[in-house]
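Residues per chain, in single letters:
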Amino acid sequence: MGLEFQGREFTFGEIEVRSNRLAHVLAARGVVTGDRLCVYLVNCVEMIDLYLACVKLGVIFVPINILYREREMAHILSDAQPQALITDAELAVTVSIWHPAVLSAEAATMPDSRPAVALDGDAPAGIIYTSGTTGTSKGAVLTHNNFAANTVNLLACWEIRDADRFLLALPLFHVHGLGNGLHCWLASGCRMRLLERFEHQTAAEVFLDFRPTLFFGVPTVYVRLLGLEPAAARELGGFMRLFVSGSAPLPAQVFDDFHALFGHRILERYGMSETIMNISNPYWGERRAGTIGFPLPGISAKLLSPSFEPVAPGETGEVYLKGPNIFAGYWRRSEATQDAFVDGWFRTGDLATISSDGYYTLCGRKSDLIISGGFNIYPREIEEFLQEHPAVVEAAVVARQDKMRGEVPVAYVVLEFLIDTAVLGELCREKLASFKVPREFVVVEKLPRNAMGKLQKNLLGK
Ligand code: MLC
């Protein structure tokens, strides 16, 4: 029980004291309930301390994807207006930077006691930035109750207990690692080994050394695990209790291959930054390949046509959700928040069908969102970036299917004058998170448009 990280061990008592002390440091630096703190760190104990210190003070935790570059962070920093950005990276940004090592040194002299702050469950606990279809990143405000409702559900439905051994390799800056991973560990009281990140080269070694019973992954991770030696896979399958997949669709073939190799049916579930978890295959009962299962307890789901009519079983509709897990709205964007709800139901933008026995199956998205390795990519952001280059008249970024990552971005560009497109690749690598860099640049004379002049992305890249 407790935490393991890079060979060091921490009891829950130690975690409690570390975060209490850190909370006193933050308070002494003038951070109060309702303030935001941005955190840009790879998985580490300090990141857990910071999250818990924020929770205890009612300070809003705003994690930033560690793969983001300054350009991508600038918008989050100006939108969230944090008291500080906590990072050990050297960054040219306009907000105060607090170094985690300096905070830890200050924490050493602080009292062990938990700071006395009265909190409301509806108060924001975190803001998770998700770009939305418009290209500008919006902050999804998740409350303490959102996290609590999600955690209680997962513990009950997936039977997570203190006897579990939980291997967490997902980043703590997204809801999969934070809302599911960190919270299930804390609320169950099990033992967790936290990794800085998932590395397929060492995965077998780590699994066989720690001998976990519980693991959460994105489909890319499961595709990587299919590369393990059969003997290792069998041994690992012997001590594992539950593999969960989410954040992107798990191909049915991967589900079947994984079952053949590891002897486990991966439990696929469906969530979003705005909602944490919504729909899940059952722990007991049939985990049906290609489906996401049933709504979790307390969560209502319905499928509606574009004219808001319920669709019949087998027909495609947009997923609408209601429940204690649904976020409070987008940070300081009342219009976007209003647009996100219809009669109190959250519209997900995801399309699904429901079978006659109640299993939901995702079958597309209303937006042109690309999901690569479990990371969301909004084509518009890359298109706008490419169009800043003097040679680029127009750009359209579309998904290409990829066995390992699910989807990868590909850019179609119309050029004003001839350039080597490798230059564009270099520029993207310098300024954008690595998963957003187009795998290929295709130069075209013009982009396909319909009679109304609307871009027809469906004609590209297929
Ligand atoms: C990936 N990279 C990282 C990293 N993850 N770098 C630092 N820290 C991390 N955590 C970079 C690598 O440096 C590399 O960059 C590139 O990504 C690919 O790395 P790889 O070694 O080839 O990794 P791979 O085996 O393909 O696995 C990638 C991955 C990663 C699966 C580990 O994609 C990942 O962690 N995905 C999880 C995303 C996630 O948690 N999503 C949840 C969103 S919440 P380069 O420059 O060499 O290319 C959500 C809601 C819900 O959607 O329902 O859950």
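What counts, and where the lines are drawn
Residues numbered from 1 in each chain as written. Predicted model: local features only at pLDDT ≥ 70, side-chain atom pairs only at ≥ 80, totals over all residues. Heavy atoms only, no water. Salt bridge = Lys/Arg side-chain N within 4 Å of Asp/Glu carboxyl O. Helix = DSSP H or I, 4+ residues; strand = E, 2+ residues; numbered from the N terminus. Buried < 20%, exposed > 50% of the residue type's maximum accessible area, 1.4 Å probe, protein only. Axes fitted to C-alpha atoms, helices over the stretch in contact; angles between N-to-C directions. Parallel < 35°, antiparallel > 145°, perpendicular 65-115°, else oblique. Left-handed = near helix turned anticlockwise from the far one by under 90°. Contact = heavy atoms within 4.5 Å. Nonpolar A, V, L, I, M, F, W, Y, C, P; charged D, E, K, R; others polar. Near = heavy atom within 4 Å. Polar contact = N/O pair within 3.5 Å; in protein donor to acceptor, adjacent residues only side chain to side chain. Areas by Shrake-Rupley, 256 points an atom, 1.4 Å probe, with all protein chains shown as cover.

Trainee: I tried to follow the pattern of salt bridges on my own but got confused; where do I start?
Mentor: Two side chains that carry opposite charge are able to pair once their charged atoms sit near each other. Applying the stated criterion to the full structure yields 28 salt bridges. The salt bridge partner of arginine 241 is aspartate 164, with a shortest N-O separation of 2.9 Å. A residue pair is termed long-range when its members are at least 10 positions apart, and arginine 241 in the loop between α9 (230-239) and β12 (242-245) and aspartate 164 in the loop between α5 (144-157) and β9 (165-168) qualify at 77 residues. Between glutamate 318 and arginine 347 there is a salt bridge, with its nearest N and O atoms 3.1 Å apart. Here the residue glutamate 318 occupies a position in strand β17 (residues 317-322), and arginine 347 occupies one in strand β20 (residues 345-354), the gap between them amounting to 29 residues. Owing to a relative accessible area of 23%, arginine 347 belongs among the partly exposed residues under this scheme. In the salt-bridge network here, residues are joined through shared partners; they are Glu4, Glu9, Arg191, Arg193 and Asp209.

Trainee: What is the right way to read the packing of α5 against helix α6 (residues 176-188) from this model?
Mentor: The interhelical angle for the contact between α5 and α6, taken along N-to-C directions, is 70 degrees, at an axis separation of 9 Å. Considering their axes alone, α5 and α6 lie roughly perpendicular with respect to each other. Between α5 and α6 lies a crossing whose hand is right-handed. The residues of α6 that touch α5, namely those facing Phe147, Asn150, Thr151, Leu154 and Leu155, are Leu178, Gly179, Asn180, His183, Cys184, Ala187 and Ser188. Considered class by class, the residues forming the contact of α5 with α6 number six nonpolar, six polar and no charged.

Trainee: Looking at this structure, how should I read the site of the ligand?
Mentor: Around the ligand, the surrounding shell holds 24 residues, and the nearest of these are Arg224, Ser247, Arg269, Gly373 and Arg405. Measuring from an oxygen atom of the ligand, one finds a side-chain N or O atom of arginine 269 at 2.7 Å. Within the backbone of glycine 374, an N or O atom sits 2.9 Å from a nitrogen atom of the ligand. Burial of the ligand by the protein amounts to 77% of the accessible area it has alone, namely 1,000 Å².

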